[in-house]
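Listed below are the residues making up each chain.
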Amino acid sequence: MSGNNFTVSPAPHIRSGLSTRAIMYLVILALLPSGVAGIYIYGFSSLRVILISMISCVVFEAAFLKLRNRDPKIALDGSALLTGLLLAYNLPPEMPFWLPVVGGAVSIILAKQIFGGLGHNIFNPALVGRVFLQISWPVYMTTWKNPRWAVDAVSTATPLAKEGAPLFNYMDLFLGNHGGCIGEVCILALAVGAVFLLVMKIISWHIPFTFIGTVMLLTWIFGGDSMFSGDFTFHLLSGGLVLGAFFMATDYVTRPLTKKGKIIFGIGCGIMTVVIRLRGSYPEGVSYAILFMNAVVPLIDRYTKTRKYGLQK
Amino acid sequence: MLRDYARTIFFERSREEHYMKKLLREFSKGIFIENPTFRLALGLCPTLAVSTSVVNGFGMGMAATFVLVGSNIIVSCVRKFIPSKIRIPCFIVIIATFVTIVELTMKAYFPLLSKSLGIFVPLIVVNCIVLGRAEAFASKHSVANSVFDGLGMGAGFTLALVVISAIREALGNGTFLGLTILKGFDPALLFILAPGALLVIGILIGAVNYFTEKQHGA
(Lines give C-alpha, C1' and ligand atoms only; values in the text may rest on other atoms or scores of the structure.)
Protein backbone atom coordinates (compact mmCIF):
# COMPACT_ATOMS: atom_id res chain seq x y z
CA MET A 1 0.00 0.00 0.00
CA SER A 2 2.99 2.26 0.11
CA GLY A 3 4.37 3.79 -3.02
CA ASN A 4 2.69 6.00 -5.52
CA ASN A 5 2.59 3.49 -8.32
CA PHE A 6 0.53 0.87 -6.59
CA THR A 7 -3.22 0.78 -6.22
CA VAL A 8 -5.29 -1.88 -4.56
CA SER A 9 -6.62 -3.88 -7.45
CA PRO A 10 -7.12 -7.45 -8.65
CA ALA A 11 -4.06 -9.71 -8.80
CA PRO A 12 -1.11 -9.72 -9.42
CA HIS A 13 -0.08 -8.06 -6.16
CA ILE A 14 3.23 -6.80 -4.88
CA ARG A 15 3.91 -7.31 -1.22
CA SER A 16 4.88 -4.30 0.84
CA GLY A 17 6.66 -4.47 4.14
CA LEU A 18 4.02 -2.44 5.91
CA SER A 19 1.87 -4.59 8.20
CA THR A 20 -1.56 -3.77 9.61
CA ARG A 21 0.01 -3.36 13.02
CA ALA A 22 2.59 -0.86 11.73
CA ILE A 23 -0.09 1.19 9.96
CA MET A 24 -2.28 1.26 13.05
CA TYR A 25 0.55 2.45 15.27
CA LEU A 26 1.63 5.07 12.72
CA VAL A 27 -1.91 6.47 12.64
CA ILE A 28 -1.95 6.54 16.46
CA LEU A 29 1.38 8.39 16.33
CA ALA A 30 -0.09 10.89 13.89
CA LEU A 31 -3.03 11.44 16.23
CA LEU A 32 -0.86 12.09 19.29
CA PRO A 33 -0.27 15.85 18.78
CA SER A 34 -3.99 16.45 18.68
CA GLY A 35 -4.47 14.49 21.91
CA VAL A 36 -1.70 16.43 23.62
CA ALA A 37 -3.35 19.64 22.44
CA GLY A 38 -6.71 18.46 23.76
CA ILE A 39 -5.25 17.63 27.17
CA TYR A 40 -3.42 20.96 27.24
CA ILE A 41 -6.54 22.91 26.30
CA TYR A 42 -9.10 21.19 28.51
CA GLY A 43 -6.98 19.82 31.34
CA PHE A 44 -6.56 16.31 32.68
CA SER A 45 -10.20 15.31 32.50
CA SER A 46 -9.65 14.76 28.78
CA LEU A 47 -6.71 12.46 29.49
CA ARG A 48 -9.05 10.44 31.70
CA VAL A 49 -11.60 10.12 28.90
CA ILE A 50 -8.89 9.06 26.43
CA LEU A 51 -7.41 6.43 28.76
CA ILE A 52 -10.76 4.94 29.77
CA SER A 53 -11.87 4.75 26.17
CA MET A 54 -8.67 3.09 24.90
CA ILE A 55 -8.44 0.59 27.76
CA SER A 56 -12.09 -0.42 27.51
CA CYS A 57 -11.80 -0.91 23.74
CA VAL A 58 -8.82 -3.24 24.11
CA VAL A 59 -10.45 -5.15 26.98
CA PHE A 60 -13.71 -5.64 25.07
CA GLU A 61 -11.80 -6.68 21.96
CA ALA A 62 -9.79 -9.28 23.89
CA ALA A 63 -12.88 -10.59 25.70
CA PHE A 64 -14.89 -10.93 22.51
CA LEU A 65 -12.04 -12.56 20.63
CA LYS A 66 -11.85 -15.11 23.44
CA LEU A 67 -15.61 -15.65 23.14
CA ARG A 68 -15.17 -16.31 19.43
CA ASN A 69 -12.36 -18.80 20.12
CA ARG A 70 -9.72 -16.54 18.62
CA ASP A 71 -6.39 -15.60 20.11
CA PRO A 72 -7.08 -12.67 22.50
CA LYS A 73 -3.58 -11.36 21.76
CA ILE A 74 -4.92 -10.08 18.41
CA ALA A 75 -6.48 -7.30 20.47
CA LEU A 76 -3.05 -5.73 20.73
CA ASP A 77 -2.70 -5.27 16.96
CA GLY A 78 -3.39 -1.58 17.43
CA SER A 79 -6.78 -1.45 15.75
CA ALA A 80 -8.69 -1.53 19.03
CA LEU A 81 -6.34 1.06 20.51
CA LEU A 82 -6.91 3.28 17.49
CA THR A 83 -10.68 2.85 17.74
CA GLY A 84 -10.54 3.81 21.42
CA LEU A 85 -8.40 6.84 20.67
CA LEU A 86 -10.64 8.05 17.84
CA LEU A 87 -13.73 7.49 19.98
CA ALA A 88 -12.25 9.58 22.79
CA TYR A 89 -11.30 12.34 20.33
CA ASN A 90 -14.97 12.54 19.40
CA LEU A 91 -16.15 12.95 22.98
CA PRO A 92 -16.43 16.07 25.13
CA PRO A 93 -13.60 16.40 27.65
CA GLU A 94 -15.71 15.96 30.76
CA MET A 95 -18.28 13.21 31.23
CA PRO A 96 -19.22 10.36 33.61
CA PHE A 97 -16.58 7.62 33.56
CA TRP A 98 -18.98 4.95 32.31
CA LEU A 99 -19.83 6.81 29.13
CA PRO A 100 -16.56 6.05 27.29
CA VAL A 101 -16.82 2.45 28.56
CA VAL A 102 -20.26 2.04 26.96
CA GLY A 103 -18.97 3.77 23.84
CA GLY A 104 -16.04 1.38 23.66
CA ALA A 105 -18.33 -1.64 24.09
CA VAL A 106 -20.63 -0.45 21.30
CA SER A 107 -17.70 0.36 19.01
CA ILE A 108 -15.92 -2.93 19.48
CA ILE A 109 -18.78 -5.41 19.94
CA LEU A 110 -21.66 -3.98 17.92
CA ALA A 111 -19.75 -2.28 15.15
CA LYS A 112 -16.74 -4.53 14.73
CA GLN A 113 -16.70 -7.99 16.29
CA ILE A 114 -20.29 -8.92 15.42
CA PHE A 115 -19.45 -8.37 11.76
CA GLY A 116 -16.40 -10.61 12.06
CA GLY A 117 -13.65 -8.45 13.51
CA LEU A 118 -11.00 -6.31 11.85
CA GLY A 119 -11.45 -6.05 8.12
CA HIS A 120 -15.08 -7.12 8.10
CA ASN A 121 -16.88 -4.18 9.66
CA ILE A 122 -19.09 -2.10 7.38
CA PHE A 123 -19.11 1.02 9.54
CA ASN A 124 -16.32 2.90 11.24
CA PRO A 125 -16.41 1.48 14.80
CA ALA A 126 -15.37 4.68 16.59
CA LEU A 127 -18.08 6.66 14.82
CA VAL A 128 -20.74 4.07 15.61
CA GLY A 129 -19.76 4.34 19.27
CA ARG A 130 -19.88 8.12 19.15
CA VAL A 131 -23.26 8.25 17.41
CA PHE A 132 -24.67 5.71 19.86
CA LEU A 133 -23.62 7.90 22.78
CA GLN A 134 -24.80 11.04 21.01
CA ILE A 135 -28.31 9.69 20.48
CA SER A 136 -28.55 7.93 23.83
CA TRP A 137 -27.23 10.59 26.20
CA PRO A 138 -27.50 13.90 24.35
CA VAL A 139 -27.08 15.92 27.55
CA TYR A 140 -23.68 14.49 28.46
CA MET A 141 -22.56 14.60 24.86
CA THR A 142 -23.20 18.32 24.51
CA THR A 143 -21.79 19.52 27.82
CA TRP A 144 -18.67 21.35 26.75
CA LYS A 145 -15.81 22.63 28.81
CA ASN A 146 -14.11 25.99 28.65
CA PRO A 147 -10.62 26.04 27.15
CA ARG A 148 -7.79 27.06 29.46
CA TRP A 149 -7.31 30.48 27.87
CA ALA A 150 -10.95 31.27 28.25
CA VAL A 151 -11.41 34.70 29.67
CA ASP A 152 -14.62 35.50 27.94
CA ALA A 153 -15.09 32.26 26.03
CA VAL A 154 -18.58 31.08 25.32
CA SER A 155 -19.14 27.96 27.35
CA THR A 156 -22.41 26.69 25.97
CA ALA A 157 -21.77 24.81 22.79
CA THR A 158 -19.49 24.23 19.86
CA PRO A 159 -19.29 27.22 17.54
CA LEU A 160 -21.42 25.33 15.03
CA ALA A 161 -24.39 25.25 17.39
CA LYS A 162 -24.47 28.98 17.77
CA GLU A 163 -27.22 30.96 16.18
CA GLY A 164 -26.30 33.93 14.06
CA ALA A 165 -22.84 35.24 13.36
CA PRO A 166 -19.95 33.42 15.04
CA LEU A 167 -18.07 35.35 17.70
CA PHE A 168 -14.85 33.46 17.06
CA ASN A 169 -11.92 34.67 15.11
CA TYR A 170 -10.15 32.21 12.85
CA MET A 171 -7.00 32.07 14.99
CA ASP A 172 -9.00 30.84 17.99
CA LEU A 173 -10.65 28.20 15.85
CA PHE A 174 -7.32 27.16 14.35
CA LEU A 175 -5.60 26.73 17.70
CA GLY A 176 -8.60 25.24 19.48
CA ASN A 177 -9.57 28.07 21.78
CA HIS A 178 -13.23 27.10 22.02
CA GLY A 179 -15.47 24.39 23.38
CA GLY A 180 -15.58 21.11 21.51
CA CYS A 181 -14.59 17.47 21.47
CA ILE A 182 -11.13 16.49 22.76
CA GLY A 183 -9.47 15.66 19.48
CA GLU A 184 -11.20 17.92 17.02
CA VAL A 185 -10.48 21.39 18.39
CA CYS A 186 -6.83 22.02 17.59
CA ILE A 187 -6.67 22.17 13.81
CA LEU A 188 -2.93 22.93 13.94
CA ALA A 189 -2.15 19.63 15.72
CA LEU A 190 -4.47 17.70 13.41
CA ALA A 191 -2.79 19.25 10.38
CA VAL A 192 0.63 18.14 11.66
CA GLY A 193 -0.66 14.57 11.96
CA ALA A 194 -2.36 14.71 8.58
CA VAL A 195 0.79 15.91 6.84
CA PHE A 196 2.73 13.10 8.53
CA LEU A 197 0.25 10.50 7.23
CA LEU A 198 0.29 11.97 3.73
CA VAL A 199 4.10 12.07 3.64
CA MET A 200 4.33 8.49 4.92
CA LYS A 201 1.76 7.57 2.24
CA ILE A 202 -0.48 5.89 4.82
CA ILE A 203 -3.42 7.82 3.37
CA SER A 204 -3.86 9.28 -0.07
CA TRP A 205 -5.15 12.77 -0.83
CA HIS A 206 -8.32 11.60 -2.56
CA ILE A 207 -10.80 11.28 0.30
CA PRO A 208 -9.74 14.12 2.66
CA PHE A 209 -9.25 16.75 -0.04
CA THR A 210 -12.43 16.02 -1.97
CA PHE A 211 -14.33 15.82 1.33
CA ILE A 212 -13.06 19.16 2.66
CA GLY A 213 -13.19 20.78 -0.77
CA THR A 214 -16.84 19.82 -1.22
CA VAL A 215 -17.74 21.13 2.22
CA MET A 216 -15.97 24.45 1.59
CA LEU A 217 -17.48 24.87 -1.85
CA LEU A 218 -21.02 24.09 -0.74
CA THR A 219 -20.87 26.17 2.44
CA TRP A 220 -19.51 29.06 0.36
CA ILE A 221 -22.45 28.78 -2.03
CA PHE A 222 -25.29 27.97 0.39
CA GLY A 223 -23.93 28.86 3.84
CA GLY A 224 -24.57 32.58 3.84
CA ASP A 225 -27.61 34.77 3.78
CA SER A 226 -27.36 35.09 0.02
CA MET A 227 -25.75 32.79 -2.52
CA PHE A 228 -21.92 32.70 -2.65
CA SER A 229 -21.47 34.48 0.66
CA GLY A 230 -21.02 31.61 3.11
CA ASP A 231 -18.16 31.63 5.61
CA PHE A 232 -16.31 28.56 4.35
CA THR A 233 -13.20 29.10 6.50
CA PHE A 234 -15.39 28.93 9.57
CA HIS A 235 -16.90 25.65 8.38
CA LEU A 236 -13.45 24.23 7.66
CA LEU A 237 -12.04 25.14 11.06
CA SER A 238 -14.96 24.27 13.31
CA GLY A 239 -16.47 20.96 14.24
CA GLY A 240 -14.92 17.61 13.43
CA LEU A 241 -14.37 18.14 9.72
CA VAL A 242 -10.56 17.93 9.70
CA LEU A 243 -10.45 15.03 12.15
CA GLY A 244 -13.16 13.19 10.21
CA ALA A 245 -11.75 13.82 6.76
CA PHE A 246 -8.15 12.84 7.47
CA PHE A 247 -8.44 10.20 10.17
CA MET A 248 -11.87 8.58 10.00
CA ALA A 249 -13.13 8.73 6.43
CA THR A 250 -9.79 7.24 5.36
CA ASP A 251 -10.17 4.12 7.54
CA TYR A 252 -8.82 1.27 5.40
CA VAL A 253 -11.67 -1.09 6.13
CA THR A 254 -14.61 1.19 5.46
CA ARG A 255 -13.49 3.22 2.44
CA PRO A 256 -13.70 2.34 -1.26
CA LEU A 257 -10.73 0.63 -2.89
CA THR A 258 -10.18 2.54 -6.11
CA LYS A 259 -9.09 6.14 -6.67
CA LYS A 260 -12.30 6.97 -8.51
CA GLY A 261 -14.28 5.37 -5.72
CA LYS A 262 -12.46 7.39 -3.09
CA ILE A 263 -13.25 10.64 -4.91
CA ILE A 264 -16.95 9.72 -5.10
CA PHE A 265 -16.80 8.79 -1.42
CA GLY A 266 -15.17 12.09 -0.43
CA ILE A 267 -17.64 14.19 -2.39
CA GLY A 268 -20.56 12.22 -0.95
CA CYS A 269 -19.27 12.76 2.60
CA GLY A 270 -18.94 16.47 1.89
CA ILE A 271 -22.46 16.82 0.52
CA MET A 272 -23.98 14.92 3.45
CA THR A 273 -22.01 16.98 5.98
CA VAL A 274 -23.17 20.27 4.49
CA VAL A 275 -26.77 19.12 4.22
CA ILE A 276 -26.81 18.12 7.90
CA ARG A 277 -24.90 21.21 9.07
CA LEU A 278 -26.99 23.74 7.19
CA ARG A 279 -30.39 22.10 7.04
CA GLY A 280 -30.46 19.26 9.58
CA SER A 281 -31.52 19.37 13.21
CA TYR A 282 -28.02 18.49 14.47
CA PRO A 283 -25.34 21.18 14.44
CA GLU A 284 -22.62 18.77 13.33
CA GLY A 285 -22.89 16.22 10.53
CA VAL A 286 -19.43 14.83 9.89
CA SER A 287 -19.91 11.57 11.78
CA TYR A 288 -23.34 10.89 10.26
CA ALA A 289 -22.03 11.77 6.80
CA ILE A 290 -19.13 9.32 7.07
CA LEU A 291 -21.35 6.55 8.44
CA PHE A 292 -23.86 7.14 5.65
CA MET A 293 -21.18 6.93 2.99
CA ASN A 294 -19.73 3.82 4.70
CA ALA A 295 -23.02 2.12 3.94
CA VAL A 296 -22.72 3.06 0.26
CA VAL A 297 -19.12 1.82 -0.11
CA PRO A 298 -20.04 -1.64 -1.49
CA LEU A 299 -22.06 0.05 -4.25
CA ILE A 300 -19.22 2.45 -5.05
CA ASP A 301 -16.77 -0.44 -5.17
CA ARG A 302 -19.00 -2.32 -7.57
CA TYR A 303 -19.44 0.74 -9.78
CA THR A 304 -15.71 1.49 -9.94
CA LYS A 305 -14.52 -2.09 -10.38
CA THR A 306 -11.15 -2.10 -12.11
CA ARG A 307 -10.37 -4.09 -15.20
CA LYS A 308 -8.61 -7.37 -14.43
CA TYR A 309 -4.94 -7.50 -15.42
CA GLY A 310 -4.54 -8.67 -18.98
CA LEU A 311 -8.25 -8.76 -19.65
CA GLN A 312 -9.44 -7.04 -22.83
CA LYS A 313 -12.68 -5.12 -22.73
CA MET B 1 -67.09 -59.52 19.12
CA LEU B 2 -66.06 -57.97 22.39
CA ARG B 3 -62.47 -57.93 21.29
CA ASP B 4 -63.39 -56.18 18.07
CA TYR B 5 -65.24 -53.59 20.07
CA ALA B 6 -62.28 -53.07 22.38
CA ARG B 7 -59.99 -52.71 19.43
CA THR B 8 -62.27 -50.11 17.83
CA ILE B 9 -62.34 -48.11 21.02
CA PHE B 10 -58.57 -48.36 21.31
CA PHE B 11 -58.07 -47.18 17.78
CA GLU B 12 -60.60 -44.42 18.22
CA ARG B 13 -58.84 -43.24 21.30
CA SER B 14 -55.38 -43.39 19.77
CA ARG B 15 -56.67 -41.55 16.73
CA GLU B 16 -58.12 -38.94 19.02
CA GLU B 17 -54.85 -38.68 20.89
CA HIS B 18 -53.03 -38.42 17.63
CA TYR B 19 -55.44 -35.69 16.54
CA MET B 20 -54.96 -33.74 19.76
CA LYS B 21 -51.22 -34.06 19.44
CA LYS B 22 -51.36 -32.69 15.92
CA LEU B 23 -53.42 -29.72 17.06
CA LEU B 24 -50.97 -29.08 19.87
CA ARG B 25 -48.14 -29.22 17.40
CA GLU B 26 -49.87 -26.67 15.18
CA PHE B 27 -50.08 -24.47 18.24
CA SER B 28 -46.56 -24.86 19.57
CA LYS B 29 -44.75 -24.49 16.27
CA GLY B 30 -45.75 -20.82 16.13
CA ILE B 31 -44.07 -20.09 19.42
CA PHE B 32 -40.58 -21.28 18.72
CA ILE B 33 -39.77 -23.33 15.61
CA GLU B 34 -41.73 -21.07 13.28
CA ASN B 35 -41.89 -17.96 15.41
CA PRO B 36 -43.18 -15.29 13.02
CA THR B 37 -40.76 -12.60 14.17
CA PHE B 38 -37.60 -14.47 15.01
CA ARG B 39 -37.74 -17.40 12.58
CA LEU B 40 -39.91 -16.29 9.66
CA ALA B 41 -38.98 -12.59 9.96
CA LEU B 42 -42.57 -11.59 9.18
CA GLY B 43 -44.47 -8.61 10.50
CA LEU B 44 -41.32 -6.67 11.29
CA CYS B 45 -42.89 -3.30 10.52
CA PRO B 46 -45.33 -3.25 13.44
CA THR B 47 -42.70 -4.96 15.58
CA LEU B 48 -40.27 -2.12 15.00
CA ALA B 49 -42.89 0.54 15.47
CA VAL B 50 -44.83 -0.42 18.57
CA SER B 51 -42.26 -2.25 20.71
CA THR B 52 -41.37 0.90 22.66
CA SER B 53 -43.16 -0.24 25.83
CA VAL B 54 -44.35 -3.57 27.16
CA VAL B 55 -47.96 -2.37 27.29
CA ASN B 56 -47.89 -1.38 23.63
CA GLY B 57 -46.20 -4.61 22.62
CA PHE B 58 -48.68 -6.79 24.51
CA GLY B 59 -51.68 -4.86 23.20
CA MET B 60 -50.48 -5.14 19.64
CA GLY B 61 -49.79 -8.86 20.06
CA MET B 62 -53.28 -9.50 21.45
CA ALA B 63 -54.95 -7.50 18.67
CA ALA B 64 -53.00 -9.39 16.03
CA THR B 65 -53.81 -12.74 17.70
CA PHE B 66 -57.54 -12.00 17.60
CA VAL B 67 -57.38 -11.05 13.93
CA LEU B 68 -55.25 -14.12 13.16
CA VAL B 69 -57.63 -16.58 14.78
CA GLY B 70 -60.73 -14.94 13.34
CA SER B 71 -59.44 -14.66 9.81
CA ASN B 72 -58.01 -18.19 9.94
CA ILE B 73 -61.43 -19.60 10.92
CA ILE B 74 -63.34 -17.79 8.18
CA VAL B 75 -60.74 -18.40 5.48
CA SER B 76 -60.64 -22.07 6.41
CA CYS B 77 -64.47 -22.28 6.29
CA VAL B 78 -64.76 -20.75 2.87
CA ARG B 79 -61.55 -22.17 1.40
CA LYS B 80 -63.43 -24.45 -0.97
CA PHE B 81 -65.63 -21.71 -2.41
CA ILE B 82 -63.05 -19.06 -3.18
CA PRO B 83 -61.74 -19.10 -6.74
CA SER B 84 -57.97 -19.19 -6.50
CA LYS B 85 -57.53 -16.22 -8.82
CA ILE B 86 -59.21 -13.76 -6.48
CA ARG B 87 -58.25 -15.38 -3.21
CA ILE B 88 -55.98 -12.56 -2.01
CA PRO B 89 -58.67 -9.83 -2.23
CA CYS B 90 -61.06 -12.18 -0.48
CA PHE B 91 -58.57 -12.79 2.33
CA ILE B 92 -57.98 -9.06 2.68
CA VAL B 93 -61.71 -8.37 2.99
CA ILE B 94 -62.05 -11.05 5.67
CA ILE B 95 -59.00 -9.76 7.55
CA ALA B 96 -60.17 -6.15 7.28
CA THR B 97 -63.47 -7.12 8.90
CA PHE B 98 -61.70 -8.46 11.96
CA VAL B 99 -59.30 -5.53 12.09
CA THR B 100 -62.26 -3.16 12.12
CA ILE B 101 -63.76 -5.10 15.03
CA VAL B 102 -60.47 -4.84 16.94
CA GLU B 103 -60.02 -1.19 16.11
CA LEU B 104 -63.51 -0.15 17.24
CA THR B 105 -63.33 -2.31 20.38
CA MET B 106 -59.98 -0.86 21.30
CA LYS B 107 -61.20 2.68 20.74
CA ALA B 108 -64.20 2.04 22.97
CA TYR B 109 -62.55 0.19 25.85
CA PHE B 110 -58.82 0.99 25.71
CA PRO B 111 -58.66 4.53 24.36
CA LEU B 112 -55.15 5.17 25.69
CA LEU B 113 -53.71 2.03 24.13
CA SER B 114 -55.52 2.83 20.91
CA LYS B 115 -54.02 6.30 20.90
CA SER B 116 -50.46 5.10 21.49
CA LEU B 117 -50.67 2.32 18.89
CA GLY B 118 -52.14 4.82 16.45
CA ILE B 119 -52.07 3.92 12.78
CA PHE B 120 -50.59 0.50 13.47
CA VAL B 121 -53.90 -1.02 14.54
CA PRO B 122 -55.64 -0.43 11.17
CA LEU B 123 -52.37 -1.48 9.53
CA ILE B 124 -52.84 -5.03 10.87
CA VAL B 125 -54.84 -5.49 7.64
CA VAL B 126 -51.61 -5.60 5.69
CA ASN B 127 -49.62 -7.42 8.40
CA CYS B 128 -47.85 -10.16 6.48
CA ILE B 129 -48.23 -12.67 9.32
CA VAL B 130 -52.02 -12.58 9.03
CA LEU B 131 -52.13 -12.74 5.25
CA GLY B 132 -49.29 -15.26 5.28
CA ARG B 133 -51.17 -17.67 7.55
CA ALA B 134 -54.37 -17.27 5.53
CA GLU B 135 -52.54 -18.06 2.30
CA ALA B 136 -50.09 -20.68 3.52
CA PHE B 137 -52.13 -22.47 6.16
CA ALA B 138 -55.83 -21.69 6.60
CA SER B 139 -56.68 -21.98 2.90
CA LYS B 140 -55.34 -25.56 2.92
CA HIS B 141 -56.29 -26.93 6.34
CA SER B 142 -59.37 -27.73 8.41
CA VAL B 143 -61.01 -25.23 10.72
CA ALA B 144 -59.69 -26.83 13.95
CA ASN B 145 -56.12 -26.90 12.67
CA SER B 146 -56.40 -23.32 11.52
CA VAL B 147 -57.65 -22.15 14.92
CA PHE B 148 -54.65 -23.66 16.66
CA ASP B 149 -52.30 -22.36 14.00
CA GLY B 150 -53.70 -18.85 14.50
CA LEU B 151 -53.45 -19.14 18.28
CA GLY B 152 -49.86 -20.39 18.08
CA MET B 153 -48.73 -17.75 15.62
CA GLY B 154 -50.46 -15.06 17.67
CA ALA B 155 -48.79 -16.31 20.84
CA GLY B 156 -45.42 -16.38 19.13
CA PHE B 157 -45.90 -12.85 17.82
CA THR B 158 -47.04 -11.61 21.23
CA LEU B 159 -44.11 -13.30 22.94
CA ALA B 160 -41.63 -11.75 20.52
CA LEU B 161 -43.19 -8.31 20.95
CA VAL B 162 -43.16 -8.55 24.73
CA VAL B 163 -39.52 -9.69 24.82
CA ILE B 164 -38.38 -6.96 22.44
CA SER B 165 -40.39 -4.23 24.11
CA ALA B 166 -39.28 -5.33 27.59
CA ILE B 167 -35.63 -4.96 26.55
CA ARG B 168 -36.26 -1.64 24.80
CA GLU B 169 -38.33 -0.21 27.64
CA ALA B 170 -35.82 -1.30 30.28
CA LEU B 171 -32.74 0.02 28.48
CA GLY B 172 -34.31 3.03 26.82
CA ASN B 173 -36.61 4.28 29.54
CA GLY B 174 -35.40 2.49 32.67
CA THR B 175 -38.86 1.10 33.36
CA PHE B 176 -40.88 -2.11 33.14
CA LEU B 177 -44.63 -1.70 32.61
CA GLY B 178 -44.09 1.94 33.54
CA LEU B 179 -42.39 1.21 36.89
CA THR B 180 -38.83 2.38 37.46
CA ILE B 181 -36.45 -0.57 37.70
CA LEU B 182 -33.32 0.95 39.14
CA LYS B 183 -32.85 4.39 40.58
CA GLY B 184 -29.82 6.27 39.29
CA PHE B 185 -29.75 4.35 36.02
CA ASP B 186 -29.29 6.67 33.06
CA PRO B 187 -31.43 5.15 30.29
CA ALA B 188 -29.98 5.08 26.79
CA LEU B 189 -32.46 7.04 24.72
CA LEU B 190 -31.38 5.21 21.59
CA PHE B 191 -33.27 2.07 22.56
CA ILE B 192 -36.70 3.63 22.38
CA LEU B 193 -35.86 5.25 19.06
CA ALA B 194 -35.90 3.42 15.74
CA PRO B 195 -32.22 2.32 15.67
CA GLY B 196 -32.69 0.66 19.06
CA ALA B 197 -35.50 -1.49 17.65
CA LEU B 198 -33.36 -2.63 14.73
CA LEU B 199 -30.41 -3.40 17.01
CA VAL B 200 -32.48 -5.38 19.53
CA ILE B 201 -34.31 -7.39 16.86
CA GLY B 202 -31.07 -8.13 15.03
CA ILE B 203 -29.30 -9.34 18.15
CA LEU B 204 -32.30 -11.44 19.25
CA ILE B 205 -32.62 -13.10 15.82
CA GLY B 206 -28.89 -13.82 15.95
CA ALA B 207 -29.21 -15.36 19.40
CA VAL B 208 -32.23 -17.49 18.41
CA ASN B 209 -30.39 -18.74 15.30
CA TYR B 210 -27.30 -19.52 17.38
CA PHE B 211 -29.22 -21.63 19.88
CA THR B 212 -31.30 -23.37 17.22
CA GLU B 213 -28.17 -24.30 15.32
CA LYS B 214 -26.53 -25.55 18.50
CA GLN B 215 -29.58 -27.71 19.27
CA HIS B 216 -29.68 -29.24 15.82
CA GLY B 217 -25.93 -29.63 15.61
CA ALA B 218 -25.71 -31.61 18.86
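Whatever comes next refers back to the structure up there.
Residues numbered from 1 in each chain as written. Chains lettered and ligands numbered in written order. Predicted model: local features only at pLDDT ≥ 70, side-chain atom pairs only at ≥ 80, totals over all residues. Heavy atoms only, no water.

Each helix and strand in chain B was counted, giving eight helices and two strands. Counting from the amino terminus, helix and strand elements in chain B follow one another as α-α-α-α-α-α-α-β-β-α. Dimensions along the principal axes, computed over C-alpha positions, put chain B at roughly 80 × 45 × 30 Å. Per-residue burial over chain B gives 38% buried out of 218 residues. For chain B, the share of sequence-separated contacts (at least 6 apart) that also reach a separation of at least 24 residues comes to 75%. Counting every atom, chain B has about 12,300 Å² of accessible surface; 71% of that belongs to carbon and sulfur. With 20 positive and 12 negative side-chain charges, chain B shows a separation of 4 Å between the mean positions of the two kinds. (Helix = DSSP H or I, 4+ residues; strand = E, 2+ residues; numbered from the N terminus. Buried < 20%, exposed > 50% of the residue type's maximum accessible area, 1.4 Å probe, protein only. Contact = heavy atoms within 4.5 Å. Areas by Shrake-Rupley, 256 points an atom, 1.4 Å probe, with all protein chains shown as cover. Lys, Arg positive; Asp, Glu negative; His and termini not counted. Charge placed at Lys NZ, Arg CZ, Asp CG, Glu CD.)

Listed per partner, the contact involves eight residues of chain A and nine residues of chain B. On the chain A side of the interface with chain B, the three residues burying the most area are A:Phe132, A:Ile135 and A:Trp137, jointly 54% of the side's total. Viewed at the interface, chain B and chain A are joined by zero salt bridges. Across the chain A-chain B interface, the total number found is five residue pairs in polar contact (both at pLDDT 80 or more). (Buried area = accessible area lost by both parts, 1.4 Å probe. Salt bridge = Lys/Arg side-chain N within 4 Å of Asp/Glu carboxyl O. Polar contact = N/O pair within 3.5 Å; in protein donor to acceptor, adjacent residues only side chain to side chain.)

Residue and element names in this part refer to chain B. For the pair helix H6 (residues 128-138) and helix H7 (residues 143-173), the least separation of the axes is 11 Å and the interaxial angle reads 150°. Overall, the two elements H6 and H7 adopt an arrangement that is roughly antiparallel. Here the hand of the crossing between H6 and H7 comes out right-handed. Contact with H6, carried on its side by Ile129, Arg133, Phe137 and Ala138, involves Asn145, Ser146, Asp149, Met153 and Phe157 of H7 and no other residues of that element. Class assignment of the residues belonging to the contact of H6 with H7 gives a composition of five nonpolar, two polar and two charged. (Axes fitted to C-alpha atoms, helices over the stretch in contact; angles between N-to-C directions. Parallel < 35°, antiparallel > 145°, perpendicular 65-115°, else oblique. Left-handed = near helix turned anticlockwise from the far one by under 90°. Nonpolar A, V, L, I, M, F, W, Y, C, P; charged D, E, K, R; others polar.)

Core analysis: the biggest nonpolar cluster contains 75 residues, and A:Leu31, A:Phe211 and A:Phe247 have the highest contact counts within it. In terms of residue count, the dominant contributor to this core is helix H1 (residues 20-42) of chain A (eight residues). Contacts of A:Phe247, omitting those with residues within four sequence positions, involve A:Val27, A:Ala30, A:Leu31, A:Leu86, A:Leu190, A:Gly193, A:Ala194, A:Leu197 and A:Val242. The next biggest cluster of nonpolar side chains, apart from the first, holds 27 residues, and it includes B:Val67, B:Met106, B:Val130 and B:Ala138. (Core = buried A, V, L, I, M, F, W, Y, C linked by side-chain atoms within 4.5 Å.)

The relative placement of two packed helices is expressed as an angle between their axes plus a distance between the axes. Residues and elements named next belong to chain A. For the pair helix H3 (residues 79-89) and helix H4 (residues 98-110), interaxial distance at closest approach is 10 Å and the crossing angle is 130°. The orientation of H3 with respect to H4, classified from their angle, is oblique. Between H3 and H4 lies a crossing whose hand is right-handed. From H3, Ala80, Thr83 and Leu87 reach across to H4, where they touch Pro100, Gly103, Gly104, Ser107 and Ile108. Split into classes, the residues belonging to the contact of H3 with H4 amount to four nonpolar, four polar and no charged.

Moving on to the pattern of salt bridges. All names here are of chain B. Within this structure, the stated rule accounts for eight salt bridges over all chains. When the shortest N-O distance is used, the salt bridge between Glu135 and Arg87 registers 2.8 Å. Of this pair, Glu135 sits in helix H6 while Arg87 sits in helix H4 (residues 87-109), placing them 48 residues apart in sequence. Classification of Glu135 as partly exposed rests on a relative accessible area of 24%. We classify Arg87 as partly exposed; its relative accessible area is 29%. Notably, a salt bridge pairs Asp149 with Arg133, separated by 2.9 Å at the nearest N-O pair. Of this pair, Asp149 sits in helix H7 while Arg133 sits in helix H6; the two residues are 16 residues apart in sequence, bridging distant segments of the chain. Neither residue differs from the other here; Asp149 and Arg133 are each classed as buried. A single salt-bridge network, built from bridges that share partners, covers Lys22, Glu26, Lys29, Arg133 and Asp149.

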